[in-house]
Amino acid sequence: MIAKDLGERKLVDKVFSVAKKAKDAMAELGEEKVVNATIGSLYDETGKLVVLDTAMKVYKELPPEEIAGYASAFTGAPEYKESVKISLFGRDYKEFLKGHYVEVLATPGGTGAISNSIKNYLGHGDTLLLPKWLWSPYILMAKEKNGDCDFYTLFNEENRFDLVDFKERVEKLAKKQDNVVIIINDPCQNPTGYRLTIEEWKEIRKILISASEEANIILILDVAYIDFDDRSFEERREYLETFKNLPEKVLTIFTFSLSKALTSYGMRVGAQIALSTSESVVKEFYEANSFSCRSTWSNISRGGMKMFSEIILDEEKSFRLEKEREFYRNLIKERADIFISEAKECGLDILPYVSGFFLTIPTGKYTPKVEELLEKNHIYTVILDEGIRIAVCSITKERIKGLAKRIKVIYDEV
Ligand code: PLP
């Protein structure tokens, strides 16, 4: 009975199905015998989900009506929008973004932010440009518009961002579509942990500017994990400079997620942030995307937004939040360092990791066999088309030790 033009719609979520297998194995064999590298949330060294104290304390002290009431606006509470701008661009964002227009819309998580952006900018049946290694729900979002996907290779032979391939694909789409919608997930790319260098961003900028002579370019910059990147304030600023002073036909939409920023996944809070040199482009963004907010989810969690603004608008609380995140950033780094150095020692190939929740082992055409053998050895990972993803955000250091070698032995058997 599903509307014919939608085609087949069946959700196969590999992450949840492998995670269930891991749980079953733990129940049967005991936790110490199983490695569950599937969970994409931050876990501490005792195996418990990390809930940031600063966030929970503020949330628990909110008056009940701040939690139960509707949000004050469909597009998000004004103090929430202000907090998102501060969090992303810094307290002096007005000065930093002088001469630019910026608008924020509250969305249910980063997922809502990305899907709202695709809904409003990808033409019906058009092609969305995605990285080859990716967070797969992007593909579902394109399908909601009967769209196709094209995939830039992401890495060249030197394991750097493949600018040549990216340029070719952007130019090809610019020749045939009015709007070219591109997703780049940076920093802390899911699933590889890659972070583009400033030089790479400068080249991408040139490619987008040149392509904008043929089509509108909409860059959806998925910054879901930005607060788990270890760049300094100055380095973050240099990165953000990339998106300033672009031609009117290039629109950047940052998609932001409190799931990661406050480790509050179930709260479902996020935002779209549009940045442009054109007032009319940002006005149109705001009007069209508000329309979709109202028609899809109406408004988002009032308590979730309030929790964020109470922290960000208070410098002391913000400082505490940052200290907490720093602790966990370092923990993830330590875990990743163990895996990477052991992988090097035993000759296990991994894609170039810099920071973030995940790293990836490329397994190419051998992936199904590797998966089978890993499961036999009670190692559960997220299986990608041509690789396996290891969630360093959730495995303890103890469990990571020796994991690279165990995987290498299995890989050699294939
Ligand atoms: N973008 C990436 C790359 C992700 O990995 C995720 C979640 O795992 C999201 C966006 C969206 O997260 P949420 O909707 O929970 O904010």
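None of these values were measured; they are calculated from a predicted model. (Residues numbered from 1 in each chain as written. Predicted model: local features only at pLDDT ≥ 70, side-chain atom pairs only at ≥ 80, totals over all residues. Heavy atoms only, no water.)

### Notes on the packing of helix α4 (residues 78-89) against helix α13 (residues 302-312)
Next up, step 1: Two elements in contact, α4 and α13, have axes whose closest approach is 9 Å; the angle formed by their N-to-C orientations is 55°. Classed by the angle they form, the pair α4 and α13 counts as oblique. The handedness of the crossing between α4 and α13 is left-handed. Counted together, E79, Y80, S83, V84, I86 and S87 of α4 and M305, K306, F308, S309 and I312 of α13 form the full contact between these two elements.
Next up, step 2: Residues that form the contact of α4 with α13 fall into these classes: 6 nonpolar, 3 polar and 2 charged. (Axes fitted to C-alpha atoms, helices over the stretch in contact; angles between N-to-C directions. Helix = DSSP H or I, 4+ residues; strand = E, 2+ residues; numbered from the N terminus. Parallel < 35°, antiparallel > 145°, perpendicular 65-115°, else oblique. Left-handed = near helix turned anticlockwise from the far one by under 90°. Contact = heavy atoms within 4.5 Å. Nonpolar A, V, L, I, M, F, W, Y, C, P; charged D, E, K, R; others polar.)

### Digging into the packing of helix α2 (residues 53-60) against helix α14 (residues 315-346)
Next up, step 1: Across the interface, α2 lies against α14 with an axial gap of 8 Å and an inter-helix angle of 140°. Here α14 runs oblique to α2, going by the angle between their axes. Across from D53, T54 and V58 in α2, the residues of α14 making contact are K317, R320, L321 and E324.
Next up, step 2: Broken down by class, the residue content of the contact of α2 with α14 amounts to 2 nonpolar, 1 polar and 4 charged.

### Observations regarding the site of the ligand
Next up, step 1: The environment of the ligand is made up of 15 residues, and the closest members are G110, T111, D222, S257 and S259.
Next up, step 2: Contacts to the ligand include T111, whose side-chain N or O atom sits 2.5 Å from an oxygen atom.
Next up, step 3: At 2.9 Å from an oxygen atom of the ligand is found a side-chain nitrogen or oxygen belonging to K260.
Next up, step 4: Starting from 390 Å² of accessible surface for the ligand in isolation, the protein chains cover 91%. (Near = heavy atom within 4 Å. Polar contact = N/O pair within 3.5 Å; in protein donor to acceptor, adjacent residues only side chain to side chain. Areas by Shrake-Rupley, 256 points an atom, 1.4 Å probe, with all protein chains shown as cover.)

### With respect to the environment of D44
Next up, step 1: Position of D44 among the secondary structure elements: in the loop between β1 (35-36) and α2.
Next up, step 2: Separated by 320 residues in sequence, D44 and G364 place their C-alpha atoms 31 Å apart.
Next up, step 3: Look past the residues within four positions of D44 in its chain and what remains in contact with it is V50, Y328, R335 and T396.
Next up, step 4: Here the side chain of D44 touches T46 through a polar contact of 2.8 Å, side chain to side chain.

### A word on the pairing of strand β9 (residues 358-362)
Next up, step 1: Among the 5 residues that make up β9, 5 are buried, leaving the element largely enclosed by the rest of the structure.
Next up, step 2: Taking every second residue as pointing to the same face, both faces of β9 are buried, with F358, T360 and P362 on one and L359 and I361 on the other.
Next up, step 3: Direction of pairing for β9 relative to strand β12 (residues 387-391): antiparallel, over a ladder of 5 bridges. Counted as the bridge partner of F358 is A391 from β12. (Buried < 20%, exposed > 50% of the residue type's maximum accessible area, 1.4 Å probe, protein only. Pairing = 2+ DSSP bridges.)

### Here's the deal with the environment of D412
Next up, step 1: Here D412 is to be found in helix α17 (residues 403-413).
Next up, step 2: The class for D412 is exposed, based on a relative accessible area of 52%.
Next up, step 3: Residues D412 and V370, 42 residues apart in the sequence, show an inter-C-alpha distance of 9.4 Å.

### Considerations on the side chain of T107
Next up, step 1: Counting through the fold element by element, T107 comes out in strand β2 (residues 101-107).
Next up, step 2: Take T107: its relative accessible area is 0%, and that puts it in the buried class.
Next up, step 3: There is a polar contact of 3.4 Å between the side chain of T107 and the backbone nitrogen of A113.
Next up, step 4: Within the structure, the side chain of T107 is placed 3.2 Å from the backbone nitrogen of A271, a separation counted as a polar contact.
Next up, step 5: Other than its neighbours up to four places away in sequence, T107 contacts G112, A113, R268, V269, G270, A271, Q272, W297 and I300.

### Here we look at the sheet that holds β2
Next up, step 1: With mixed pairing, 7 strands are arranged side by side in an open sheet as β2-β8-β7-β6-β5-β3-β4. Either end of the sheet is taken by a strand with one partner, and the two such strands are β2 and β4 (148-152). Neighbour-to-neighbour, the strand axes of this sheet turn through a mean angle of 20°, independent of strand direction.
Next up, step 2: Where helix α9 (residues 198-211) meets the sheet, it contacts β5 (179-185), β6 (216-222) and β7 (250-257), and its direction lies at approximately 150° from that of β6.

Purely geometric numbers; function is a separate question.
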